[in-house]
Structures are given as structure tokens and as C-alpha cells.
Amino acid sequence: MVNVQSGAQKESAKLDFDAIIIGAGFSGMYMLHSLRDKLALKVTVFEAGNNVGGTWYWNRYPGARCDSDSYIYCYTFDNHLLQEWNWSERYPEQDEILRYLEHCAERFHLKRDIQFAKRVVEVTFDEATDLWMVRTDKGDAVRANYVITAVGSLSATNVPPFKGLGSFRGKSYHTAQWPHDGVDFTTKRVAVIGTGATAVQAIPEIAQQAKHLTVFQRTPNFCVPARNGRVDPGVAKARKSDYDGVRERIKKSFFGFELNFIPKSVLDTTPEEREQEFDRMWDAGGFALWLANYQDLFFSKEANDIIADYLKCKIRSTVHDPVVAEKLIPKTYPYGTKRQPLDTNYFETFNKKNVLLVDASTDGPIEEITPNGIRAGGKEYPVDIIVIATGFDAMTGPLNNLGIKGRGGRELAQDWRDGPQTYLGLAVAGFPNLFTITGPQSPSVLSNMPVSIEQHVEWITDCIAYMRRNKRTTIEATAQAQDAWVAHVAEVANGTLMTGTDSWYMGANIAGKPRRFLPYLCPEGVGGYRKKCAEIAEKGYEGFVFANVA
Ligand code: NA7
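Residues numbered from 1 in each chain as written. Predicted model: local features only at pLDDT ≥ 70, side-chain atom pairs only at ≥ 80, totals over all residues. Heavy atoms only, no water.

Chemist: Account for helix 7 (residues 243–252), with residues named and values stated.
Modeler: Inspection of helix 7 places Tyr243, Gly245, Val246, Arg247 and Ile250 among the buried residues, and these make up the whole buried set. On the buried face of helix 7, the contacting elements are helix 3 (79–84), helix 6 (233–241), helix 16 (449–469) and helix 18 (525–538). (Buried < 20%, exposed > 50% of the residue type's maximum accessible area, 1.4 Å probe, protein only. Helix = DSSP H or I, 4+ residues; strand = E, 2+ residues; numbered from the N terminus. Contact = heavy atoms within 4.5 Å.)

Chemist: Summarise the sheet that holds strand 10 (residues 212–217); cite the residues concerned and give the values.
Modeler: Spatially, the 5 strands line up as an open sheet ordered 8-17-9-10-13, and their pairing is parallel. Looking at which strands have only one partner, the edges of the open sheet turn out to be strand 8 (171–174) and strand 13 (355–359). Across the sheet, the mean angle from the axis of one strand to that of its neighbour is 15 degrees, orientation sign disregarded. Sheet topology places strand 9 (residues 189–193) next to strand 17 (residues 385–388); 4 bridges connect them, and they run parallel. The residue bridging valine 192 from the neighbouring strand is valine 387, located in strand 17. (Pairing = 2+ DSSP bridges. Axes fitted to C-alpha atoms, helices over the stretch in contact; angles between N-to-C directions.)

Chemist: Any details on the pairing of strand 9? Residues and values, ideally.
Modeler: Most of strand 9 sits inside the fold, with 4 of its 5 residues counted as buried. Pairing analysis gives 5 bridges linking strand 9 to strand 10, with the strands arranged parallel. Bridged to isoleucine 193 within strand 10 is phenylalanine 216. After leaving strand 9, the chain enters helix 5 (residues 197–209) and then returns to the sheet as strand 10, a path that is right-handed. (Right-handed = clockwise from strand over helix to strand, strands pointing away.)

Chemist: Tell me about the packing of aromatic side chains, residues and numbers included.
Modeler: Evaluated as defined, the whole model comprises 42 aromatic pairs. Look at tryptophan 56 and tyrosine 73: their rings are 5.9 Å apart centre to centre, the planes differ by 85 degrees, and that puts the pair in the edge-to-face class. With tryptophan 56 in helix 2 (residues 55–58) and tyrosine 73 in the loop between helix 2 and helix 3, the pair connects residues that are 17 residues apart, well separated along the chain. Residue classification places tryptophan 56 among the buried residues on the basis of a relative accessible area of 8%. What makes tyrosine 73 buried here is its relative accessible area of 9%. Chaining the aromatic ring pairs together yields one cluster made of Phe26, Tyr30, Trp56, Tyr73, Tyr75, Phe77, Trp85, Trp87, Tyr100 and Phe108. One cation-aromatic arrangement involves lysine 42 over phenylalanine 17; the distance from NZ or CZ to the ring centre is 5.3 Å. Lying across the ring of tyrosine 57, arginine 60 places its NZ or CZ 5.0 Å from the centre. (Phe/Tyr/Trp six-rings, centres within 6.5 Å; stacked < 30°, edge-to-face > 60°. Lys NZ or Arg CZ within 6 Å of the ring centre and 35° of its normal.)

None of the figures reported here should be taken as evidence of function without further support.
Quick look at the structure:
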């Protein structure tokens, strides 16, 4: 085989584990189960939190819930699990998803191999032994053959360096570092900074409790109704009896949902015809308008404008004050090129007397945090609590924060200073035996996450099984395969409207972050990406090089 190098004689060193997994959310938990229970490897997981759950452990802000339908926002690898778990709502709340993950941890006996409250601070490849050394903030230093990052795409919180933040006399909370015993907003004057998907969930809830709420908006969003509700028992039963079908459909779909584009240009429809379709999607709620619209939505500005105009009308007809409505209407980017927030009474909330919108472009941007509140556009807004809903250093942030050093001490964060460089979003040249679940340049955040997580976990498990069967000591992406992948991801993205928008998909929300499209929008969807990854494996891991046992 051409891509196998005969192994150089390696020094021997004590191996603590076959594999180390970083993170115990959806990804890390399934990775542990797969490597330990299917391949019988010795595995440990380091998790910074005190419990499993990842995203659902940290994000406890009011209104936190997932935006994917619950029957597909879950593991599908175990039929018994699918049958025994019952979701209460279309989009379950944070605490229900956390209970589900707790249940999975119990069911698969995962906790005994998870080390909680340990944050990984350094991950170093030793070329003399071909082993990784992983260090934690609690002083652990352990060696393993493989390191698998399961750190999530949206886990490195972004707290912008607002001038004066430390001087604020009230309380401030980032939504992803929310106190476990909650925050009482009653009788309080509250500020929310940000109007992304998180804030869109939190604002209506906070407005119901707080004495007064001031929302600081930098960029308005095209929100569409979630239409959450209890799961109908008949519908749940029908889905349970068809999970084999559901699994197949979401695996082969475009975005990991049971949604597909309308195979037609919106420009080829009459106003009546498309209005009817838009109304149908609007009434259905969820991501239909975003991910199951006419197929040219993401490619043609002219097509995009038609659906954007439909949504602008919805905002105008919901918000009573026309001046406020205009502030809430996005005007600077095409619809769908920022993450679609799903809302429950978001625009209606701005009709409440106790809610004030401060818009950066018309009222002036935030200038500083003062001891009493927030100064924007030359005016001070006094508040008792500031909710910082400013999102994340998406996709690259969590990996750059791990202190990963590969061959010759090369630092991942340094290699990625001009943007991520990966092969398939799964591996990085110069970093052997390192796998990145839902890493940058994989579909990840542009898909229903559990579907992409399961695909990566299963691919990595098969790869490690292959290596052990064939006595391969290391696997590493080649620089050529990586360069071609990086170019391909960029080329596909450049053919869409996504790259012209300031979004976290582009890294534009973080000052100084290189502007690169971070996920992979596979032209054949997540089904096509899955097929591509499988074919690469079938061809003896094309684009990778192995070293053999010496
Ligand atoms: P997002 O979507 O990144 O939203 C963050 C919001 O905070 C957004 O409105 C930003 O405005 C705003 N922001 C960020 N930095 C600043 C500064 N410096 N000043 C004022 N406003 C700022 O994060 P979310 O937590 O809402 O959602 C993240 C994902 O989690 C979500 O998409 C789901 O996938 C789950 P901007 O639009 O950048 O102008």
C-alpha cells in the first residue's frame, strides 16, 4: 500500500490509555461508548464541567432549548434507547436534554470513565514515542495513542472586551456560563447584549419577569416562529415505529433533518404560488423556511430578496411601533446567511411597555459599561443585571484553546492563524492520531448536530479499528489532501451568498479572527459528505498516510 511508511524504531513509554477524549457532551459520550464498548480500548474522558452534557450543561439561560425537532435531536445508534426515551416537547428545554444525556450516561455506564472538573490545557505529540501527552489544569499528565476532541463547535464563550465591564456594580452573566441556581429578574432592570439565536430565546422569557428590559442590538435577525408544543402521543408512536426510516432519511438528507429544498427556482414561481409555499413553511415553524425553501435561496440574491421581503413584512405586521419595526428588520445581509434563530414571541416582546430596543446603527453602538449600566450613543441606560448574549469564538476557538502541539512542536493555534486547515474537518496534517469530532470544515453547525456527531464518531471508530487490525501506529492527513480540502471548502462557500455576510460562520464576530467560512456546506448535503468520508476509508484512507509497527 502506497500510503504506509515503515515505522521507525520508537522509544517505548508507559501508555496510560489507548485513547483520550476531550469533552463529555453528545460527541464525547458516544465516542467513549464506541471505543470502550465496541473496540474494548482503554479510554478516559476529560471534561471541564462537573457533569456530562457539554452545551446542555453550560447553557442554562432562560428559554434555552434546542432548535432541532426532539425526535431527531438525539442518538440514533441504539434502537432500545430510541424506544425507551420520550420527549415531551417538539423542542425540548435545556434541562430535559440534560436529563436525556444523564440517562444515556447511566444506561451505557459512561461516568466511570469520565474525569469531571478537569480542563485540558496542553496536548503534545511526542515523536520519539508516537504518543500524545495530555495535561489538565488539575495536574494530570497522561499518555495515549489517540486523542479525540469532542469539545463542541460553540463552546468557547465570547465576552467582548467592553470598556468598563469590570466597573459594573450589578451582576453580569454570559448566557453560556449561567449560574446553576438561576437568576431572579423580578423587580430588576435588565440589559441583554446581543440578538443572536440565544438572545432570541432568552429575551421573551426575561421580559416576562423583569421590571424593565433594554435590548442592545448590533445586527437584527430574520427570526421565524419555532411553533413549539407538546409532542402528540400518536405522532411520537408513529415515529418510534419508523425509526429505521427516520434514521436513513436524516443520514442521507441535506442538513440532517427531514427537510429538503424545493427543487425549483423561486424566480420560476408566481407570487401566489410562492406566497402559499412560504405560508405553509411559516405555519409549520422551525427551519423549513431556511432549509427547505426554494433551492436558489443561498445562491441568488434576487431569489433571496423575495423570501427576505416576505419575512420583513411579517416583522412589520407584528411590531406595533413602525420605528421599532424598522430597527428590527435586517437590511444589510441576505436571509439565511446568519444562523436562523427560532422564536417564540420574540418580535411581539418589543410591543411590551417594559421593553426598549437600543439599536447600534440608529441609536448608537455600545461605548462602555459604567458602574450603573451601559452607555450607548452617548446615553447611559441604568440597569441592575447585564445578560451577555454575545455568542462564541465558533469552531476554531475550542480547539485553539487546548494547547495542541503536533510534530516538531508545531502549535495548532499558530498553524491556524490564517484560518483552519483540516482534512475533512476530521484530521490535521502534522498532528497524527488526532481526530476532531465536528471540527471546522466539516458540516457540523450547518447540520442537525447529533447526525454529524454520530457520523464522525463511527468513522473514527472504524478508522481506529482498521489501524489496530493492520498494525498501523499512526494515521496522519497529508498536506496535499489537506490543501485540496481547504480549497474545496472555500470554493463551495464562495459560490453561495454566505461569505458576504458578517456572521460567526465567517469568524466575523470576533475581532481579529481571520475571515474564513468555518463549516463545510457539502453540495450533496450531509449525506454526500458521509459518502465521501466512507469512500475515502474504503480506498485505504486516501489522503492519509500511516506508519506501521516497526
Ligand atoms: P451569536 O449568534 O453569535 O449572537 C451574538 C449576538 O451578540 C449577535 O447579535 C452579535 O451581533 C452580538 N454581539 C457580539 N459581539 C458584540 C459586541 N461586541 N457588541 C455588541 N453586540 C455584539 O451567538 P448566540 O449565542 O446567540 O448563538 C450562537 C449559536 O448557539 C447559535 O447560532 C446556535 O447554533 C446555538 P452581530 O450579529 O455579530 O452583529
